[in-house]
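Listed here are the chains, written in short residue letters.
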Amino acid sequence: MVSYDLAVWDGEPPLDDRRAGSVYDELYERYLESDDVVVPPTQRIVAYVEALVEQYPDGIDGNVVWTSPPVIDEASGPIVYLLMSYSKAGEVSEYAASLARDHGLVCYDPQDESLRS
């Protein structure tokens, strides 16, 4: 299944897309790339994921949104990596970015290498 991905993290908003990419690379490598180190997600990330799956549940049914449920399994420390169905990406990514902003989190699009505002 083709997915559209977003990264959401807790931290100071980067000043531009280039710096956001550097922060993303660092967080991804530190918290998501290695299966050797398991770091529980921070409270802010847990609250964000709970609000997100309240709107878009992560069970698998005929209306698949998440390509890797449960969403919380893609969270570690201050970051969550969202893998959404490409067919739902427009609607879901817009909501995810808006919700991240409401929660005081940074939302980054690794495909476009840009911040989502």
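Attention in this report is confined to the structure presented alongside it. (Residues numbered from 1 in each chain as written. Predicted model: local features only at pLDDT ≥ 70, side-chain atom pairs only at ≥ 80, totals over all residues. Heavy atoms only, no water.)

## Details of helix H2 (residues 43-55)
Between its terminal C-alpha atoms H2 stretches 19 Å, which fits the 18 Å expected from 13 residues at 1.5 Å a residue. For H2, the set of buried residues is Ile45, Tyr48, Val49 and Leu52. The arc that holds the buried residues of H2, viewed along the axis, is 95°, so those residues lie on one side. Within H2, the exposed residues directed more than 90 degrees away from the buried face are Gln43, Glu50 and Glu54. Tucked inside the fold, the buried residues of H2 contact strand S1 (3-9), strand S2 (75-76), strand S3 (79-85) and helix H3 (89-102). (Helix = DSSP H or I, 4+ residues; strand = E, 2+ residues; numbered from the N terminus. Expected span 1.5 Å × (residues − 1). Buried < 20%, exposed > 50% of the residue type's maximum accessible area, 1.4 Å probe, protein only. Arc of directions from axis to C-beta. Contact = heavy atoms within 4.5 Å.)

## Comments concerning the side chain of serine 114
Within the fold, serine 114 resides in strand S5 (residues 114-115). When residues no more than four places from it in sequence are discounted, the contact partners of serine 114 are Asp17, Tyr108 and Asp109.

## A look at the sheet that holds S3
What the five strands build is an open sheet, ordered S2-S3-S1-S4-S5; its pairing is antiparallel. The open sheet has two edge strands with one neighbour each: S2 and S5. Bridge count between S2 and S3: two bridges; the pairing is antiparallel. Counterpart to alanine 75 in the pairing with S3 is valine 80. Against the sheet, helix H1 (residues 17-32) engages S1, S2, S3, strand S4 (106-109) and S5, with an angle of about 100° to S3. (Pairing = 2+ DSSP bridges. Axes fitted to C-alpha atoms, helices over the stretch in contact; angles between N-to-C directions.)

## So, the pairing of S4
Taking every second residue as pointing to the same face, both faces of S4 are buried, with Val106 and Tyr108 on one and Cys107 and Asp109 on the other. Across three bridges, the pairing between S1 and S4 is antiparallel. Within S4, the residue paired with valine 8 across the bridge is cysteine 107. Across two bridges, the pairing between S4 and S5 is antiparallel. Pairing of aspartate 109 across the sheet is with serine 114, part of S5. Here S4 hands over to S5 after four residues, with glutamate 113 in that stretch at a positive phi of 55°.

## Focus on the nonpolar core
Val8, Tyr48, Trp66, Val80, Leu82 and Met84 are the most contacted members of the largest nonpolar core, which has 23 residues in total. Looking at this core, the elements with two or more residues in it are S1, H2, S3 and H3. It is H3 that provides the largest number of residues to this core, a total of six residues. Residues contacting valine 8, with those up to four places away along its chain left out, are Ile45, Tyr48, Pro78, Ile79, Val80, Leu82, Ala100, Leu105, Val106 and Cys107. Ala7, Ala20, Leu83 and Tyr108 belong to the second-largest nonpolar core, a separate cluster that totals twelve residues. (Core = buried A, V, L, I, M, F, W, Y, C linked by side-chain atoms within 4.5 Å.)

In short, the description is geometric, and any link to function would need to be established separately.
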